[in-house]
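# Structural overview for review
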Amino acid sequence: MRRNIIVFITMGIVLLLFTILLDHNFSRSYHHTFTKTTDLSKENIEGLYLNDNFNSEKITKKYGKISEQSRDVEHYNYYKLRKGIEIATNKSGKITRFIITDSNLKTVRGIKIGDKKEDVIKAYGKNNYFRSEQGLDIIGYVDKKNGISIEFWLVNDKVSFYRLDDKSMK
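Presented here is a report on the structure given in the accompanying data block. Source: prediction; values computed, not measured. (Residues numbered from 1 in each chain as written. Predicted model: local features only at pLDDT ≥ 70, side-chain atom pairs only at ≥ 80, totals over all residues. Heavy atoms only, no water.)

It is worth spelling out the pattern of salt bridges at this point. The full count for this structure, using the stated rule, is twelve salt bridges. When the shortest N-O distance is used, the salt bridge between E46 and R82 registers 2.7 Å. One end of the pair, E46, is in the loop between α2 (28–34) and α3 (57–63); the other, R82, is in strand β2 (residues 77–82), with 36 residues separating them in the sequence. The partner of K58 in a salt bridge is D52, and the shortest N-O contact between them spans 3.1 Å. Owing to a relative accessible area of 18%, D52 belongs among the buried residues under this scheme. If you follow the salt bridges from partner to partner, you end up with R97, R131, E133, E151, R163 and D165 in one network. (Salt bridge = Lys/Arg side-chain N within 4 Å of Asp/Glu carboxyl O. Helix = DSSP H or I, 4+ residues; strand = E, 2+ residues; numbered from the N terminus. Buried < 20%, exposed > 50% of the residue type's maximum accessible area, 1.4 Å probe, protein only.)

With that out of the way, let us pick up the side chain of D166. As for its placement among the helices and strands, D166 is situated in strand β8 (residues 158–166). Despite its burial, D166 pairs with no opposite charge; the closest candidate is K167, at 7.0 Å N-O. Those residues in contact with D166 that sit more than four places away from it in its chain are L50, N51, T96, G147 and I148. (Lys, Arg positive; Asp, Glu negative; His and termini not counted. Contact = heavy atoms within 4.5 Å.)

Here we take up the packing of aromatic side chains. Overall, the coordinates contain five aromatic pairs when judged by the stated rule. Relative to Y79, the ring of F54 has its centre 4.3 Å away and its plane inclined at 15°; by these criteria the two rings are stacked. Residue F54 is found in the loop between α2 and α3, and its partner Y79 is found in strand β2; the two are separated by 25 residues along the sequence. For F54, a relative accessible area of 6% translates into the label buried. Ring centres 5.4 Å apart and planes at 55° place the aromatic pair Y124 and F152 in the tilted group. Here F152 lies in strand β7 (residues 148–155) and Y124 lies in helix α4 (residues 117–124), a separation of 28 residues in the sequence. Each member of the aromatic cluster is reached from another via a ring pair, and the members are Y124, Y141, F152 and Y162. The lysine or arginine in question, R71, covers the ring of Y78, its NZ or CZ lying 4.9 Å from the ring centre. (Phe/Tyr/Trp six-rings, centres within 6.5 Å; stacked < 30°, edge-to-face > 60°. Lys NZ or Arg CZ within 6 Å of the ring centre and 35° of its normal.)

One finds L81, I85, F98, F152 and Y162 to be the most contacted residues of the largest nonpolar core, which totals 38 residues. Looking at which element gives the most residues to this core, the answer is β7, with five residues. When sequence neighbours within four positions are dropped, the list of residues in contact with Y162 reads I45, F98, I99, I100, L105, K106, T107, I111, I113, I150, E151 and F152. (Core = buried A, V, L, I, M, F, W, Y, C linked by side-chain atoms within 4.5 Å.)

Where a strand is regular, its side chains alternate between the two sheet faces. The element strand β4 (residues 95–100) is extensively covered by neighbouring structure, given that six of its six residues are classed as buried. As paired elements, strand β3 (residues 85–89) and β4 share five bridges and run antiparallel to each other. Note on β4: the bridge partner recorded for A88 is R97. Hairpin connection from β3 to β4: five residues lie between these consecutive antiparallel strands, with G93 at a positive phi of about 90°. Bridge count between β4 and β8: four bridges; the pairing is antiparallel. Looking at β8, one finds that I100 is bridged to Y162. (Pairing = 2+ DSSP bridges.)

The subject of this paragraph is the sheet that holds β4. Read from one edge of the open sheet, eight strands run β1-β2-β3-β4-β8-β7-β6-β5, paired in antiparallel fashion. The open sheet has two edge strands, β1 (71–72) and β5 (129–133), and neither has a second partner. Across seven bridges, strand β6 (residues 136–143) lies against β7 in antiparallel orientation. Within β7, the residue paired with D137 across the bridge is L154. Each of β5, β6, β7 and β8 touches α4; the most contacted strand, β6, lies at about 5° to it. (Axes fitted to C-alpha atoms, helices over the stretch in contact; angles between N-to-C directions.)

Okay, structure coming up:
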């Protein structure tokens, strides 16, 4: 009996250490669950917000009629609005993701491509998570009330691009 308790405790400690050491390799949804919320409700890209209708007059007036997809992805349609701004839409045409590579386009808190990781933390705060994907380090923030997140993908601790996502994005 005592031996079983020791084995159980040892396994628990090993599992805890494993989780702590590999935390940055876990999925976005894992991090979204355990990260404290940050208000991202004002985040927009050139006046467009997540869940805006891609087929709206607002978009066609600004960018023209866009029909050619930029990527072939099973559950989402990707389009380039212009150089440096790519979006994903769900099957009903709602914008679910912005991917920003335009170095002149700032977030509402003033972060742009090329800014340092420290600048991101200064602007968005400490309620963040760190993870890795495709060989890049990522610092992310979650707005649980509004169901959105923003992730800054880093190369040499500088923002290479950023993504603004609706919670429905996988």
